[in-house]
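The chain contents come next:
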Amino acid sequence: MDGIIVYYPIFGNRQDQYLQQIVSIDKDVEGLSHRYIFNMYQNIRFLDPGNTKKSILPCTPLAVIKILEYLRIYNTILPYGNRLHGRTITVINRSEVVGRPLAALLANDGAHVYSVDIADVQEFTRGVGLRKRRHEVVEKPGWTLNDCLPLSDVVISGVPGDKYKVPLELMRDGAACINFSSERNFTPEVKEKASIYVPAIGKVTIAVLLRNLLVCDHAPSYRPILTVSQRLAQNKIDAAAQGVDEKASAEPVIQSTA
């Protein structure tokens, strides 16, 4: 057996979180184990010091990343890890499965990200000049989607339900639009305003799942021999990562002073 996929929810409670943690990281093609989630939010891209074993990323957020790379939204002239520098992106829906991980991934790659949910807006960035190694999150009191859309080069939406539609009149002309919901969050008129419109990403998500399987199957197994002090330090990291699923981030949310 080369990979394991678990169709959640099974129990609909903390037992599901337990199941996520007992799947071996060598078989976790969905990237849902606490080690992978912790690495994702901390912008740690490999499991080993030699950078030979990649940290697996969740399939749907990574599918959006791959689409943005294909569309040349990523600037390949810039160094790896900074290739969204200068891009402003709005992600509508801050679910723990797709929306929040996607905002974190985009910000870790250098983008200025507005994460919009029902109650609030959060800003994900690595700071001015990308001086920080990983993103930070700042609350934007009083902000709504209306404030974010006019500033955004890319609009990514994943709101469940067929009644929600992104207000096109607030979007910038020429913005790139991606829909990752099972419902169409954009009306057909989006084609007249957007430079690029991707109505669905399901097939790319399946391709990413297969890609993750190959990464798990062909990457060299990494089982480091640790000293006692290194093992204690690793245990602390793993213990801290256990809280990622509940808070889903491992990053502090900074209250804006503006």
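Residues numbered from 1 in each chain as written. Predicted model: local features only at pLDDT ≥ 70, side-chain atom pairs only at ≥ 80, totals over all residues. Heavy atoms only, no water.

Draft legend 1. Highlighting the overall build of the chain. When helices and strands are counted, the chain shows nine helices and eight strands. When the 258 residues of the chain are sorted by exposure, 45% land in the buried category. Residue pairs at least 24 apart in sequence account for 54% of intrachain contacts in the chain once pairs closer than 6 positions are excluded. (Helix = DSSP H or I, 4+ residues; strand = E, 2+ residues; numbered from the N terminus. Buried < 20%, exposed > 50% of the residue type's maximum accessible area, 1.4 Å probe, protein only. Contact = heavy atoms within 4.5 Å.)

Draft legend 2. Here's a closer look at the side chain of S115. Tracing the backbone shows S115 in strand β2 (residues 112-116). Looking at S115, the relative accessible area reads 0%, which means it is buried. Separated by 2.7 Å, the side chains of S115 and R94 make a polar contact. For S115, the contacting residues outside a window of four places in its chain are V91, R94, A103, D120, V121, Q122 and F124. (Polar contact = N/O pair within 3.5 Å; in protein donor to acceptor, adjacent residues only side chain to side chain.)

Draft legend 3. Quick look at the packing of helix α3 (residues 59-70) against helix α4 (residues 99-108). Two elements in contact, α3 and α4, have axes whose closest approach is 9 Å; the angle formed by their N-to-C orientations is 40°. Between α3 and α4, the angle falls in the class oblique. The two elements α3 and α4 meet at a crossing, and its hand is right-handed. Residue-level inspection shows P61, V64, I65 and L68 of α3 in contact with α4, the latter providing P101, L102, L105 and L106. The residue makeup of the contact of α3 with α4, split by class, is eight nonpolar, no polar and no charged. (Axes fitted to C-alpha atoms, helices over the stretch in contact; angles between N-to-C directions. Parallel < 35°, antiparallel > 145°, perpendicular 65-115°, else oblique. Left-handed = near helix turned anticlockwise from the far one by under 90°. Nonpolar A, V, L, I, M, F, W, Y, C, P; charged D, E, K, R; others polar.)

Draft legend 4. Highlighting the environment of R100. Note on placement: R100 falls in helix α4. Look at R100 and you get buried, because its relative accessible area is 11%. Separated by 59 residues in the primary sequence, R100 and Y41 place their C-alpha atoms 9.6 Å from one another.

Draft legend 5. Structural context of helix α2 (residues 34-42). Burial of α2 is extensive: eight of the nine residues sit out of reach of the surface. Of the positions making up α2, those classed as buried are H34, Y36, I37, F38, N39, M40, Y41 and Q42. Just downstream of α2 lies N43, where phi reads positive at about 60°.

Draft legend 6. Main features of the pairing of strand β5 (residues 154-157). What you see with β5 is no split at all: V154 and I156 on one side and V155 and S157 on the other are buried throughout. Bridge count between strand β1 (residues 88-92) and β5: four bridges; the pairing is parallel. Following the sheet pairing, T90 is matched in β5 by V155. As judged from the four bridges shared by β5 and strand β6 (residues 176-179), these two strands associate in the parallel manner. Looking across to β6, one finds that I156 is bridged to I178. (Pairing = 2+ DSSP bridges.)

Draft legend 7. Up close: the pattern of salt bridges. Under the criterion given, the structure shown has seven salt bridges. Across the pair R45 and D109 runs a salt bridge, and its minimum N-O distance is 2.8 Å. Of the two residues, R45 sits in the loop between α2 and α3 while D109 sits in the loop between α4 and β2, which places them 64 residues apart along the sequence. A salt bridge links E136 to K132, with the shortest nitrogen-to-oxygen separation between them at 3.8 Å. (Salt bridge = Lys/Arg side-chain N within 4 Å of Asp/Glu carboxyl O.)

Draft legend 8. How the structure looks around the packing of aromatic side chains. One pass over the structure, following the stated rule, counts two aromatic pairs. Plain terms: the ring middles of F186 and Y197 are 5.6 Å apart, the flat faces sit at 65° to each other, and that makes the pair edge-to-face. With F186 in the loop between β6 and α6 (190-193) and Y197 in strand β7 (residues 196-198), this residue pair connects regions lying eleven residues apart in the sequence. The residues F186 and Y197 share a single accessibility class, namely buried. A cation over a ring is seen here: R45 above Y80, with NZ or CZ 5.2 Å from the ring centre. Stacked on the ring of W143, the Lys or Arg K140 has its end atom at 4.4 Å from the ring centre. (Phe/Tyr/Trp six-rings, centres within 6.5 Å; stacked < 30°, edge-to-face > 60°. Lys NZ or Arg CZ within 6 Å of the ring centre and 35° of its normal.)

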